[in-house]
Amino acid sequence: MTNLLVVEKVIKSYKEAVVLENVSLQIADKGQIIQLKGINGSGKSTLFKLIGGLEKPDSGEILLSSNTNLGALIENPGFLENFSLAYNLRYLASIKSRLNEAYAEKLCQTLALDLHSHTKMKNYSVGMRQKAGIIQAIMEKQNLILLDEPSRGLDQESLQKFVTLMNQLR
Ligand SMILES: Nc1ncnc2c1ncn2[C@@H]1O[C@H](COP(=O)(O)OP(=O)(O)OP(=O)(O)O)[C@@H](O)[C@H]1O
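Residues numbered from 1 in each chain as written. Predicted model: local features only at pLDDT ≥ 70, side-chain atom pairs only at ≥ 80, totals over all residues. Heavy atoms only, no water.

(A) The domain arrangement of the protein, seen in detail. With domains assigned, the protein is organised as domain 1 (1–68) and domain 2 (77–143 + 150–170). Between domain 1 and domain 2, the contact holds six residues from the first and four residues from the second. Here domain 1 and domain 2 share an interface that buries about 410 Å² over both sides, 56% of which is from carbon and sulfur atoms. Taken together, the links from domain 1 to domain 2 amount to zero salt bridges. In this assembly, domain 1 and domain 2 are joined by two residue pairs in polar contact (both at pLDDT 80 or more). Classifying every residue of the side of domain 1 that touches domain 2 by side-chain character gives two nonpolar, three polar and one charged. (Domains from an automatic or database assignment. Contact = heavy atoms within 4.5 Å. Buried area = accessible area lost by both parts, 1.4 Å probe. Salt bridge = Lys/Arg side-chain N within 4 Å of Asp/Glu carboxyl O. Polar contact = N/O pair within 3.5 Å; in protein donor to acceptor, adjacent residues only side chain to side chain. Nonpolar A, V, L, I, M, F, W, Y, C, P; charged D, E, K, R; others polar.)

Quick look at the structure:
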């Protein structure tokens, strides 16, 4: 079976500081939930940025298979701040295809967000932005999903719904 992701002997430094030193991992199957644990500043977000192509490794390789469809929520998700949630989701989906409105609606309902709200993204709370970030990472039924601190800002009820949602995606 082709791996969805291969990280091979990756080294990444910022100035003098080596953040990732010979990191290797493979993700072969769908249906796995893999937790990346490490103390603050140990390089978790950096690894996600490398996998997402937002940063380049100093050496080593990051390989995504041709059938990998990557979804990512990395640190503070960027949005078109003067536009609504629906506009943003349609825009993001349009890069590859077209928004599945029914699925987006279902995800929004699950996480208690109003897809049809006219509120501009810049006026969303931290938790609402986080939910929007989670939704854009999974709304295309991506088969490899990177979620960096996904619980940030979520209230207790939303957190439970998020966990249920993740288990349903497996
Ligand atoms: N753009 C950058 N320029 C310089 N140093 C950076 C940059 N990005 C990250 N670092 C440094 O790399 C190290 C790893 O940061 P990273 O954000 O990957 O850690 P983390 O494990 O995700 O931390 P946390 O658990 O606190 O979110 C830290 O020392 C950080 O200061």
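After that view, the rundown keeps rolling.
(B) Highlighting the site of the ligand. Neighbouring the ligand are Tyr14, Val19, Ile39, Asn40, Gly41, Ser42, Gly43, Lys44, Ser45, Thr46, Glu75 and Glu149. In this structure, Ser45 approaches the ligand through a main-chain N or O atom, which is 2.9 Å from an oxygen atom. Contact with the protein chains hides 60% of the accessible area of the ligand, taken as 640 Å² for the molecule alone. A per-element tally of the shell around the ligand places helix H1 (residues 44–51) first, with three residues. Grouping the amino acids of the shell around the ligand by side-chain chemistry returns three nonpolar, six polar and three charged. (Near = heavy atom within 4 Å. Areas by Shrake-Rupley, 256 points an atom, 1.4 Å probe, with all protein chains shown as cover. Helix = DSSP H or I, 4+ residues; strand = E, 2+ residues; numbered from the N terminus.)

(C) Structural detail: the nonpolar core. Residues Leu85 and Ile135 are the most contacted members of the largest nonpolar core, which totals 27 residues. Secondary structure elements with two or more residues in this core: helix H2 (85–94), helix H3 (101–110), helix H4 (126–138) and helix H5 (156–169). At five residues, H4 tops the list of elements feeding residues into this core. Each residue touching Leu85, except ones within four places of it in the same chain, is listed here: Cys108, Leu113, Asp114, Leu115, Thr119, Met121, Tyr124 and Ala132. (Core = buried A, V, L, I, M, F, W, Y, C linked by side-chain atoms within 4.5 Å. Buried < 20%, exposed > 50% of the residue type's maximum accessible area, 1.4 Å probe, protein only.)

(D) A look at H3. Within H3, the full set of buried residues consists of Tyr103, Ala104, Leu107 and Cys108. Along H3, the residues classed as buried sweep out an arc of 135° about the axis, all on the same side. Exposed residues on H3 whose side chains face more than 90 degrees from its buried face are Ala102 and Gln109. Where H3 is buried, its residues meet H2, H4 and H5. Of the residues one or two after H3, Ala112 is the one with positive phi, at around 60°. (Arc of directions from axis to C-beta.)

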